[in-house]
Every structure is written in C-alpha cells, then in structure tokens.
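Residue-level structure breakdown
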Amino acid sequence: MSKPKHLGVTPPISTNAPSEEEEALSTDLLNTLKDEGVFEGEDERKNREVVLGKIDKLVKEVVYQVALKNKLPESLARECGGKIFTYGSYRLGVHGAGADIDTLCVVPSHVKREDFFEYMTALLKERSEVTELTAVPDAYVPVIKLQFSGVDIDMIVGVLQQPTIPDDLELLDDKILRSIDELSVRSVNGSRVTDEILRLVPNVSTFRLALRCIKLWAKRRAIYSNSVGFFGGVAWAMAVARICQLYPNQSASTIVARFFHIFLRWNWPMPIVLKPIDEGSGQFGVWNPKFNQSDRNHKMPIITPAYPSMCATHNVSQSTKQVIYVEIKRGVQIIDKIMKRELPWKHLFEKDEYFRQYKFYLQVNVSSRGDEEHHRLHGFVESRLRFYVASLETSGQFVLIHPCTKSFEHEFACKSDEEAQRIRAGFLPAELPTPAPEGEAATGSGTEATVPDAADGQDASSAEAGDPTTGSDSDKGKIHTSTFYLGLHLIKRERSATGERRMDLSLPTQDFIRRIKDSDVWKGDDEMAISIRFLRQEQLPDEVFAGMSRERLRTSSSTRQDKKKSKKRSTQGADDAAASEAPAKKAKLAAAPVPSTSGFAADAGSKQASDEAAGRSVATSAESGSSATANGSTKPATSVVSIPAPVPPMAKSGGIKLKLLGS
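Description of the structure in this document. Note that the coordinates shown come from a computational prediction; the quantities given were computed from them, not determined experimentally.

Reading the values: rules and limits
- Residues numbered from 1 in each chain as written.
- Predicted model: local features only at pLDDT ≥ 70, side-chain atom pairs only at ≥ 80, totals over all residues.
- Heavy atoms only, no water.
- Helix = DSSP H or I, 4+ residues; strand = E, 2+ residues; numbered from the N terminus.
- Expected span 1.5 Å × (residues − 1).
- Contact = heavy atoms within 4.5 Å.
- Patch = residues over 30% accessible without salt bridge, like charges linked within 9 Å, V, L, I, M, F, W, Y side chains within 5 Å.
- Areas by Shrake-Rupley, 256 points an atom, 1.4 Å probe, with all protein chains shown as cover.
- Salt bridge = Lys/Arg side-chain N within 4 Å of Asp/Glu carboxyl O.
- Lys, Arg positive; Asp, Glu negative; His and termini not counted.
- Charge placed at Lys NZ, Arg CZ, Asp CG, Glu CD.
- Axes fitted to C-alpha atoms, helices over the stretch in contact; angles between N-to-C directions.
- Parallel < 35°, antiparallel > 145°, perpendicular 65-115°, else oblique.
- Left-handed = near helix turned anticlockwise from the far one by under 90°.
- Pairing = 2+ DSSP bridges.
- Polar contact = N/O pair within 3.5 Å; in protein donor to acceptor, adjacent residues only side chain to side chain.

Moving on, we get to helix 5 (residues 113-125). Taking 1.5 Å of rise per residue, 13 residues should cover 18 Å, and helix 5 covers 18 Å from first to last C-alpha, within 8% of that figure. Where helix 5 is buried, its residues meet helix 2 (42-69), strand 2 (101-107), strand 3 (130-136), strand 4 (143-148), strand 5 (151-159) and helix 6 (182-199).

And the structure:
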C-alpha cells in the first residue's frame, strides 16, 4: 500500500494558498507580536548560546569524574562523552525574552542518576554565575533548576545503556530506548517529542508564528499551565501543529483563525494526534483508552507523537475544560473581527480578569522557614492543586472551580512569634502587596518586608526591611510564603428560612492537606504551615489586582436578575420608607464598615481591634449579630449575610471547618 502524501492522520481540509489579504494579516500579526515583546534580543540570544556551551562542558566533566570514580583509565574516561539537547519552547523556536531553557543531559550507562545529581550540583555550586540552584531528584521527572548568567535553566538527565555518548548522537531512533528505565524514558522523550513535532508540520516558519500567537493568547488569558490543569507548552504546540497539517499551505493568520473555529467544535474526548500511535515493541505502555481506564478518563487528550505515546493533557479537569472552552469561544468572536479588519490583533491578547470573575475564592497559603525547602514545597503544592480541584468537583456544590495559573510569593522578616504565627495561619499584611506607583519600587511578590505590629498601629509601609524602627536584632526569622487561588462558581440553591446557605467542604480539604503533609517535602509543622481560607471577592488583597479595578464583572444574566430584585424591593418598601427614610439612611451610614482594599473591614466609629490568634475563624456569626473579619475587627451583621467560611486549622491534624459567606 502506498504511503499517504500528507502529514497527519487525515488528508488536509484545504490545500489552497493564502490570499494577499491573509498574507497582510500575517504580517500585521508578526508586527503585533514584536510590539508585545515576545521575541528575544540579539544580546540575549548570544548569552543563551554561551550558557548552553558551558553546560555542555559541565556534562562532559561530570561523565569524566564519575568514570574516574569507577576506576576507568583516564584516557577512556575522556572518551565517554556526554551531550545536551534542548526541548520545549526553546527547541521549537518560539521562546520569548526571559524564557527558561529546558535542557536534557544525556550520559552513558556508568553514570547513575544519583551520581549525576551529586556531581553536577557540586560543579554548579562552584560557579559564580550560577544562582537559585535547587535540585529536585524525587520529582516525577527529576530536575535541577538554576539560573546561569541570568538564564533560567531546567536540567534533566537521561541515562542511556551504552558506554559512550558521541557528539553526533540523535534521539529519534527508538533503539536508544532499549533497556533504559522509565525515568530516563520520560526525560529523553521531552526532546524526542519536540523534534517529532517539527518534523510533522508542513511549514516550520508558519507553525512558529502561529504558535507564538496562541502561546501569548493562552498566557494572557491565564490558561497556560500544565501543573494546575490547563494545557502546557507542548500541548498547545501539538494543537497548533494539527491545524497546520489540515491547512498545509496557509499563512499564520489563517492557521490561528482555523485553530479557534475547529477547537470550538472539537468532539472531545476525541484525541488530537499528529500521526498514528506506534505500539512499539511493547516494552513501554502507550496511550490506549480501549484497555486503560485512566486513559478513558482524560477530558481533552492530546497525544505525543514519539514512542511511547502519552497524553500531554492528563491534568485537565472538568472545570479547566470549561474554562478553556469559554476562552476559545471568546477567541472565535475576536478572530472573526480581526480577519474582517474590524479589530486589531492586540484585542486577542487582552489580559484576563480572573480576580473580578467570581464572587467567592478559596485561598491556599503555604509557608516555610527555609528558602530551598519552600521552593520545593511551592512546586509540590502547585502540582497537587489539581487533586484538590477534582475532589471539590465531586462535592456537587460547584459549576466549576477555576485555579489561578499565577501564585503570589513573599518573604517576611517577623519581629515576634505572634506575627510569625499569624503569617503561618495565612493572614498576610494587607499593605505590603499594594502595587507601587510607576517609577517607584514595588513591594509585591518576591520582596522582603517586615510585619507591622498590630498593637501599636504601625503602618506596614514604614516597616520595610532595613528600617531602623524594626531592628534586625529583634527579628524572629524569615518566613517564605506562597499563595494560590481557586475561583468558585457555585450552583444556585434555595436559601434556608434564616437566609443562610451552608455547605461542608471539610472532607476534600482535609484530604488535600493530608496529601501535602504526608509527602517527603513536608518538614514538619514547626517548619512549615498550610492553611485554606474562604474569601469573598471584595476581601481579596490588593496585590492580585495589580492596580486594576476591583469591581466584580457582571454577566448579562446576573445584571437582569439584580434589576428585577432591585425593582421588587423598591416596590415593597415604598410605603414603609416614606416616614423613616432619612433617619434610616443616617443610621446605616454611621454603622457601615469602612471601604477596604485589603480584604478587611472595620467599624467607622471605632478603633481597629487587635488581631485574632493565628488560625482563628474568619466565619461570621448569626447569633452574635456581627462578623469577625480576617484582622479580628467586627462589622455589623447587616453588611454581610451570615454563613460559614473556611477557617485555618488550629490543630496540627489538618482539620478545617468550612462555612460559606452569604451569596
């Protein structure tokens, strides 16, 4: 049977060449991407090449030193070789300014994985240009993360069952997989998949321009993160590559337009595949939903083209699938106008407004005393958030749970044990994250600051690191924190007679906390802490809005409902309000809480109350007629409908009581 003359598992939809207008739109796209800063400069490009050359020499040095340790003659040790390969966005040629480089280090059989991590880490520590060095040997794919001359590097290792690694080694031949362990297969396949994608697209330059567009769109719309349940870089690349196969002669603008239209109508869970799945020799399992239950559970499968084929989107949940669909639908509406010249390309890349979308959020806080320990904890918690989302989805309380792709990190220098305990419970200083005016130093994510003393009312902005009022001698130590958010879209339910709505999320929350604490990453409750808090949208800290409006977005349906409710209330109360309207307004103004951008509220006529003990409830109390806020102050029950909210646990068991503030 003759070989098909097309790339992909089906013939092309169209082989037409682009029109002049489509070519012009592609030129406009290229210019827009340049304006958006997605291309690196010449100096940065040269620096990356120099860094990769130095890493290649380090790999050869590791192989040499391990060979000597294993009693090989020096002449043979020098011939053992070693080689680096790049993969991911850098290898695809779509990396942007400041992007990291995914690097695969291939070593011969006498170099065990443990040897590589030990010797490579030691060599890297000796180099002055290396910073932020973190080795994670027990990850799903063991990795060394570092910054080399300002370039972020993710370094993995593949051990091949051969005595030497020549400089002309290629990885596409399946024979190199013989007898190697599963960890090395995962490592080596990163490079093999990237090379196979480039081999399976009809026009590499068109593919790269279209992929740069889709990557920028996905990042701006906050749906670019494999770890929390969206598509990662390789998945987006394979999706774009499939459209290129279907329109092999088209320009990048048309590829982008067809991308949105085709995937809006894609019949998931039908998989995206770039070539027929190779079963291979049977040494390794491949993606096969007919025989594997776990493969049948994949919501939006995109299958890697290199043997052994795997699903690159196994982390996608029902919630993140819905979010991706909504963003693709928005993309269709915009791209249609772009192709008609009714809108410029920049409208496709408008930033998402995640923190204005939902009325309620779960805030997951983790903290550690050590820098390196916290880096590992941060990565582990981020990778496990998807299990929390999946567990919450089964509670039947939500339309969807939307994980934020961005986390917020801080380093605090605490003046007292009480302050340290409060931060460990998840109550961070509200003033620190406020975005600084243009031209001034920001105090946001990644900065070091001291915690203000609530007792003397000291403002956080005057208690920065190094300020003589804080006194470095009195610091009780630094605490590193990371905060993650889950946006909650609740299923509408009838309220009880008291106007309350209750739900219990304690089981999935306890299970998630237990999953974190049972891991090897957890160094004990004295060194690390985790808390989960329930917040209304108006209680979110300023840092998440980055200077944008805090006003919550309203859907057309909710706006109509609000108008109906408002009209009904005004009709019912018209007769009663005539006599007492003025006094009632005056009393309401006197009792109203002070507007807050920090997520806190205090009585307008009273001094702010002292902080609650760390881990206390943020829940409102219907019986007391007032509500305790995150900083321990109170506000009238009339300002918020009273009902339960998640409370950071006091006990070390990880137990948590969850209540829901009124909707």
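Attention now goes to a negative patch on the surface. A cluster of acidic residues, Glu132, Asp371, Glu372, Glu373 and Glu527, forms a negative patch at the surface. No other element matches helix 12 (residues 371-393), which puts 3 residues into the negative patch. Relative to the helices and strands, Glu373 resides in helix 12.

Turning to unusual backbone geometry, a few remarks are in order. It is generally the case that most residues other than glycine have a negative phi and that most peptide bonds are trans. The omega angle of the peptide bond from Trp268 to Pro269 is 10°, so this bond is cis rather than trans. Take Pro269: it is sitting in the loop between helix 9 (252-264) and helix 10 (293-296). In this structure, Lys71 is a non-glycine residue whose phi angle is positive, near 70°. The residue Lys71 is located in the loop between helix 2 and helix 3 (74-78) in this model. One non-glycine residue, Glu132, adopts positive backbone phi at about 50°.

We now examine the packing of helix 7 (residues 204-220) against helix 8 (residues 233-246). One can describe the packing of helix 7 onto helix 8 by two numbers: an axis separation of 10 Å at closest approach and a directional angle of 135°. Taken as axis vectors, helix 7 and helix 8 run oblique relative to one another. Of the two elements, helix 7 crosses helix 8, and the hand of that crossing is right-handed. Touching Phe207, Ala210, Leu211, Ile214, Trp217 and Ala218 of helix 7 are Trp236, Ala237, Val240, Ala241 and Cys244, all from helix 8.

Before going further, it helps to spend a moment on the sheet that holds strand 5. Ordered by their spatial adjacency, 5 strands build an open sheet running 1-2-5-4-3, and the pairing between neighbours is mixed. Lying at the two open borders of the sheet, with one neighbouring strand each, are strand 1 (83-87) and strand 3. This sheet shows a mean twist of 25° between the axes of neighbouring strands, independent of strand direction. Summarising the sheet, strand 2 and strand 5 pair through 7 bridges and their orientation is parallel. In the sheet register, Val106 faces strand 5, and the bridge partner there is Gly158. The strands touched by helix 6 within the sheet are strand 1, strand 2 and strand 5, with strand 5 carrying the most contacts at an inclination of about 120°.

Let's shift gears to the side chain of Gln537. Following the sequence through the fold, Gln537 ends up in the loop between strand 11 (528-536) and helix 15 (556-572). Within the structure, the side chain of Gln537 is placed 2.8 Å from the backbone oxygen of Arg550, a separation counted as a polar contact.

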